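Overview (structure and organization)
Read off the chains here:
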Amino acid sequence: MRSFFDRAAAGTVKDSSTSLSDSGSPQLSSKICEATSSSTTTRVSLIPGLVVSAFSVFERSGGESSSREKKAPGPWRTNGWSAALRRFVGSGSMWRFKEQVFGFSRSSVTSSTGDIWLLGVCYKVVPEEDSGNGDPVSTSGFAAFVEDFSSRILFTYRKGFDPIADTKYTGDVHWGCMLRSSQMLVAQALVVHQLGRSWRRSTSKQHNQAYIEILRQFGDSEKSAFSIHNLLQAGKAYGLLAGSWVGPYAMCRTWEILARSLREAKESLPMAVYIVSGDEDGERGGAPTVCIEDVSRQCSDYSDGKTGWTPILLLVPLVLGLDKLNPRYLPLLRGTYMFPQSLGILGGKPGASTYIVGVQDDKAFYLDPHENQQVVLFNENDVEVDTTSYHCNVVHNLPLDSIDSSLAIGFYCRDKDDFDDFCVRASKLAEESGGAPLFTVAHGRSSPKVSNQPDKVTTDFNESHVDDSYVMASSANEESAQEDDWQLL
């Protein structure tokens, strides 16, 4: 099995800050925001095809989605069309058209003007005063959110693939949602790594080769490195079985094992994988700790000692409550989406995993794997394969406080500077937690917690001391943390 990363190296873009769209256009600053909310779980149908294209024409990063994306013709992107469609989208005619033809009504879309955070990028949806339209959905920020959301890769239940190992399972309906959710999170890490965070899906038939290679690596066969077949094989030690549901912790450990086995087979994930756990590998519960020494060692091991730092995928499995999510963690969970390194959350309702990619106010936006679709076969070097089933044109949202307390958070750090920035942000978030952080940062297993001070995150680990500027959490915070309802993972 030759790595697709080698085969697609010529078509990849290294710098996440300057990534490309499939259609070739650059974009996305990390400050623009959304709006979407309702007090009950809501499915917001976006208009397939024409309407999705219309939104995409005049903004560079939008993306409302979660149903199945219809292709939009590529020749629409001209200044004339852009101006005409901008007027049409904000008009009453457009709303009547959507209501009558597609059943898309104003009441189905939130009127919130709160910022939308989507995997580290903020979309503002406050209508301009001189626009003549006070609807947040008609703003360019919302259109940008729609394009971004619909560009995230969606993996759902599939049917018709080769039997899994020695079983008779040729589909994963009713039991594979956690596996699919985890594939979406890792696929997002690969997209950022290969194409950059500002990459957007092309509306033309010809796709970026690296994008197709990423999809191919998640194909439903043993030949695909990150397939459901290989995940089940890697996760046997953690109870993964075809036909059985699995939790976030076991899923994270499975990716760690799979990444290690692929590296040994010379078919490597292009990044190290580090599971953030507590003392004694999480067996004693408590807030997990990002141990900088361990991360540094993991990167060194990944490169066989050839380099001091490599890209790294951080996975943080958590249990944030007993019967339900403890509300004290809600602001902290929202805060993680403001990290540029954010890969979102594996979570959802109990027994029904989803990939939560964004938040707005008290709502969470997610990609839903619970749709059974026919398997897609990828032929070598076929860049015109139909990928509509891997994207979404329906935005699902649910109350953030309704998600299962058992979840996992993902982060991707491209290099040491990116990791240092992550540590500063994570330390600040922990300091704001009131003694009950999601996770903490420390230099070593017995080191003091890292404080929120830039330029003092990673140090020379050969030194026998820890910088005095890193202070221990106060005893009051420790007592508060002990009162928290952490569970064993």
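Since this is a predicted model, take the numbers as computed values, not measurements. (Residues numbered from 1 in each chain as written. Predicted model: local features only at pLDDT ≥ 70, side-chain atom pairs only at ≥ 80, totals over all residues. Heavy atoms only, no water.)

**Topic: the packing of helix H6 (residues 177–195) against helix H9 (residues 248–264)**
What counts here: Simply put, an axis is a line fit to the C-alpha atoms, just over the touching stretch for a helix, and the angle between two N-to-C directions goes from 0 to 180 degrees. Secondary structure counts use DSSP, requiring at least four H or I residues in a row for a helix and at least two E residues in a row for a strand, with both numbered from the N terminus. For classification purposes, an angle smaller than 35 degrees is called roughly parallel, one larger than 145 roughly antiparallel, one from 65 to 115 roughly perpendicular, and anything else oblique. Note on convention: near helix rotated counterclockwise from far helix by under a right angle means a left-handed crossing. Clockwise means right-handed. Residues are treated as being in contact if the distance between any of their heavy atoms lies within 4.5 Å.
Orientation of H6 relative to H9, taken along the N-to-C sense of each, is 50°, at an axis distance of 10 Å. With respect to their mutual orientation, H6 and H9 come out oblique. Of the two elements, H6 crosses H9, and the hand of that crossing is right-handed. Contacts between H6 and H9 involve Met 178, Leu 179, Ser 182, Gln 183 and Val 186 from the former and Pro 248, Met 251 and Trp 255 from the latter.

**Overview of H6**
As a reminder of what qualifies: Expected helix span is computed as 1.5 Å times (number of residues minus one). When a residue's accessible area, from a 1.4 Å probe over protein chains only, is under 20% of the maximum for its type it is buried; when over 50% it is exposed; and in between it is partly exposed.
Here H6 spans 26 Å end to end across 19 residues, near enough to the 27 Å set by a 1.5 Å rise per residue. Within H6, 19 of the 19 residues are buried, which leaves it mostly tucked inside the rest of the structure. Where H6 ends, the next residue or the one after it, Gly 196, has phi of about 95°, a positive value.

**A short note on the pattern of salt bridges**
Side chains carrying opposite charge are able to pair once their charged atoms draw close together. Where we set the bar: Think of a salt bridge as a Lys or Arg side-chain nitrogen and an Asp or Glu carboxyl oxygen that are within 4 Å of each other.
This model, assessed by the stated rule, comprises 11 salt bridges. Among the salt bridges present, the one from Arg 253 reaches Glu 256, with a minimum N-O distance of 2.9 Å. In this pair, Arg 253 and Glu 256 are both assigned in helix H9, 3 residues apart and thus about one turn of the helix distant. The same class applies to Arg 253 as to Glu 256, namely buried. Across the pair Arg 297 and Asp 294 runs a salt bridge, and its minimum N-O distance is 2.8 Å. One end of the pair, Arg 297, and the other, Asp 294, are both in helix H10 (residues 292–302), 3 residues apart, so they sit about a helical turn from each other. The class of Asp 294 is buried, set by a relative accessible area of 17%.

**Notes on the pairing of strand E7 (residues 312–319)**
Each regular strand carries side chains that alternate between the two faces of the sheet. What counts, and what does not: Should DSSP find at least two bridges between two strands, the strands are regarded as paired.
A large share of E7 lies buried, amounting to 8 of its 8 residues. Along E7, one buried face is formed by Ile 312, Leu 314, Val 316 and Leu 318 and the opposite face, lined by Leu 313, Leu 315, Pro 317 and Val 319, is buried too. Bridging between strand E5 (residues 272–275) and E7 involves 4 bridges; their strand directions are parallel. Counted as the bridge partner of Ile 275 is Leu 315 from E7. Relative to strand E13 (residues 406–413), E7 runs antiparallel, the two being bridged by 8 bridges. Note on E13: the bridge partner recorded for Val 319 is Ser 406.

**Overview of unusual backbone geometry**
Most of the time, phi is negative for any residue but glycine, and the peptide bond is trans. In this model, Leu 119 sits at a positive phi of 50°, which is unusual for a non-glycine residue. Mapped onto the elements of the fold, Leu 119 is located in the loop between strand E2 (116–118) and strand E3 (121–123). The backbone phi angle of His 174 is positive, close to 80°, even though this residue is not glycine. Along the chain, the position of His 174 falls in the loop between strand E4 (158–159) and H6. Residue class for His 174 comes out exposed when judged on its relative accessible area of 70%.

**Observations concerning the packing of aromatic side chains**
Operational definition: Note on aromatic pairs: the rings of Phe, Tyr and Trp (six-membered ring only in Trp) are paired at centre separations within 6.5 Å, and the planes decide the class, stacked below 30 degrees, edge-to-face beyond 60, tilted for the rest. Placement of a positive charge over a ring is assigned whenever Lys NZ or Arg CZ falls within 6 Å of the ring centre and within 35 degrees of the normal to the ring plane.
Across all of its chains, the model carries 20 aromatic pairs by this definition. Relative to Tyr 390, the ring of Phe 155 has its centre 5.8 Å away and its plane inclined at 80°; by these criteria the two rings are edge-to-face. With Phe 155 in the loop between helix H5 (140–151) and E4 and Tyr 390 in the loop between strand E11 (373–374) and strand E12 (394–399), the pair connects residues that are 235 residues apart, well separated along the chain. Each member of the pair Phe 155 and Tyr 390 is classed as buried. Measuring from centroid to centroid gives 6.5 Å for Phe 218 and Trp 255, while their planes differ by 50°, and the two rings are tilted. On the criterion of sequence distance, the pair formed by Phe 218 in the loop between helix H7 (209–217) and helix H8 (228–234) and Trp 255 in helix H9 is long-range, its members being 37 residues apart. Trp 255 carries the same exposure label as Phe 218, and that label is buried. Seen from the ring of Tyr 390, Arg 158 lies directly overhead, with NZ or CZ sitting 4.7 Å from the centre.

**Focus: the nonpolar core**
We apply this condition: Here, nonpolar core refers to any group of buried Ala, Val, Leu, Ile, Met, Phe, Trp, Tyr and Cys residues whose side-chain atoms link them within 4.5 Å.
Ranked by size, the top nonpolar core spans 73 residues in total, and within it Phe 145, Phe 218, Phe 226, Trp 255 and Leu 313 carry the most contacts. Tallying contributions element by element places H6 first for this core, with 11 residues. Counting 45 residues, the second largest nonpolar core, distinct from the first, contains Trp 117, Phe 339, Leu 398 and Leu 400.

**Observations concerning H7**
Among the 9 residues of H7, 8 are classified as buried, and the element is accordingly described as predominantly covered. Along H7, the residues classified as buried are Ala 210, Tyr 211, Ile 212, Glu 213, Ile 214, Leu 215, Arg 216 and Gln 217.

**Focus: the confidence of the model for the protein**
The condition that has to hold: pLDDT expresses, on a scale from 0 to 100, how confident the predictor is about each individual residue.
Per-residue pLDDT for the protein has a mean of 75; in total, 65% of the residues score no lower than 70. The model gives residues 1–109 a pLDDT under 50, and that stretch makes 327 contacts with residues more than four places away or in other chains.

**Brief notes about the packing of H6 against H7**
What counts here: Residues are grouped as follows: Ala, Val, Leu, Ile, Met, Phe, Trp, Tyr, Cys and Pro are nonpolar; Asp, Glu, Lys and Arg are charged; all remaining types, including Gly, are polar.
With their axes 10 Å apart at the nearest point, H6 and H7 run at an angle of 155° to one another. As the angle between them shows, H6 and H7 are arranged roughly antiparallel. The element H6 and its partner H7 pack so that their crossing is right-handed. Judged by residue contacts, Leu 190, Val 191, Gln 194 and Leu 195 of H6 engage Ala 210, Tyr 211 and Ile 214 from H7. A breakdown of the residues in the contact of H6 with H7 according to their chemical character gives 6 nonpolar, 1 polar and no charged.

**Remarks on the environment of Val 186**
Within the element layout of this structure, Val 186 appears in helix H6. Taking relative accessible area as the criterion, Val 186 reaches 1% and is therefore assigned buried. Sequence separation between Val 186 and Phe 218 is 32 residues; the distance between their C-alpha atoms is 9.8 Å. Contact partners of Val 186, with chain neighbours within four places excluded, come to Phe 218, Trp 255, Leu 269 and Leu 313.

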